[in-house]
Amino acid sequence: MIVEPTTILAAASRLSLDLLLVSIALASVRLARGPQAADRVVALDLIAVLVVAFLAAYAIDTGNTSFLDVAIAYALVAFLGTVALARFILRCGRRRNKDCTLPGRLP
Amino acid sequence: MNALIAAVLLLIGTLFCLVAAVGMLRLPDTLIRMHAATKAGTLGAGFILAAQAVEAGELSTTLKVIAVIVFLLLTAPVAAHLIGRAAYRRGMELYAGTWIDELDTAMQKDSRFQDTSDQEPSATPQGTTHRAPPEN
C-alpha cells in the first residue's frame, strides 16, 4: 500500500499544529508561574517565537502562503515588545527608580 | 518528494519547539531558561519555516521565509542580551549550582556600580569569582 506524500504532509502538519499548541501551553505555565518579572518576559519571548512557528505550520496546513506576512509582522512587533519590557525591568518603571520593588513575586 | 522533505523538516522543527517549551518549564533559573527560549525555539521555528519554503517551492515564498529566518536570527540574541542584562542588574537569584560568576567580579571592579551599595567594600577582587563547585 502506497501512501501519497501529500497525505503524509497533511498528517504531519496537523500533528505539528497540535504539538505547537502544547508547547505554547507549557510556555504559558512558565508565564503564569514567574516567579520574577524577567522570567515572564523570557516566557513571552518564547511564546512569540512559537507563534511564528505556528503561523508557518498553519500556512503549510492551509496552503495559503499569506500567513507568512503575518509571521513577519508578528516577529517584528514581538521583538519590539520584548525590548520594551526588558528596558522597563531594567529601569524599574517609566522613570529610573532607585528603590525598585518590581521583580518581586506577585501577591 | 518535496512534500516528504517538508514533512520531515516540519516534524524536526516541531520537536525542537516542544523541547524548548519543556526546557522553559523545567530549567531552574532565568538565565538558564533563556538557553531554551533563544536557541531551541529559534532553531525549531527556522526548521518549520524551511519546511514551508520546501513545500511551496516558489521564489516569493522562499524569499519571505529567508527574511523571517534572518530576522529571527538577528533579533533573538539582542532580545536575550537585554533580558539577561535586566534580570542580572535587578538582582536575580542564581541557580544554586552556579559556580562561576565573572560579571559579579567585573561589576565590583567598576566604579560605576559602587555608589548604590552601602555595604563595606569587599576585598579587591582578582580574576574570576569562583564559588564552591556543586556537590553532585
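None of the values given here were measured: they were computed from a predicted structure.

Calculation criteria
Residues numbered from 1 in each chain as written. Chains lettered and ligands numbered in written order. Predicted model: local features only at pLDDT ≥ 70, side-chain atom pairs only at ≥ 80, totals over all residues. Helix = DSSP H or I, 4+ residues; strand = E, 2+ residues; numbered from the N terminus. Expected span 1.5 Å × (residues − 1). Buried ≥ 20, exposed ≤ 12 C-beta atoms within 10 Å, placed from the backbone. Contact = placed C-beta atoms within 7 Å. Nonpolar A, V, L, I, M, F, W, Y, C, P; charged D, E, K, R; others polar. Axes fitted to C-alpha atoms, helices over the stretch in contact; angles between N-to-C directions. Parallel < 35°, antiparallel > 145°, perpendicular 65-115°, else oblique.

### Some thoughts on helix α1 (residues 5–33) of chain A
Count 3.6 residues to each turn of an α-helix, and residues three or four apart come out pointing the same way.
And step 1. Over its 29 residues, α1(A) extends 42 Å from the first C-alpha to the last, a length consistent with the 42 Å expected when each residue adds 1.5 Å.
And step 2. Looking at α1(A), one finds that the buried residues are Leu9(A), Ala12(A), Ser13(A), Ser16(A), Leu20(A), Ser23(A), Leu26(A), Ala27(A) and Arg30(A).
And step 3. Against the buried residues of α1(A) lie α2 (37–62) of chain A together with α1 (2–26) and α2 (30–56) of chain B.
And step 4. One or two positions beyond α1(A), positive phi appears at Gly34(A), with a value near 75°.

### Some points on the interface of chain B and chain A
And step 1. On the side of chain A, 44 residues touch chain B, which itself brings 47 residues to the contact.
And step 2. Those elements that provide at least two residues to the side of chain B that touches chain A are α1, α2 and α3 (59–89) of chain B.
And step 3. Class assignment for the residues of the side of chain B that touches chain A results in 32 nonpolar, nine polar and six charged.

### What to know about the packing of α1(A) against α1(B)
And step 1. Two elements in contact, α1(A) and α1(B), have axes whose closest approach is 9 Å; the angle formed by their N-to-C orientations is 10°. As judged from the angle between their axes, α1(A) and α1(B) are roughly parallel.
And step 2. A breakdown of the residues in the contact of α1(A) with α1(B) according to their chemical character gives 23 nonpolar, five polar and one charged.

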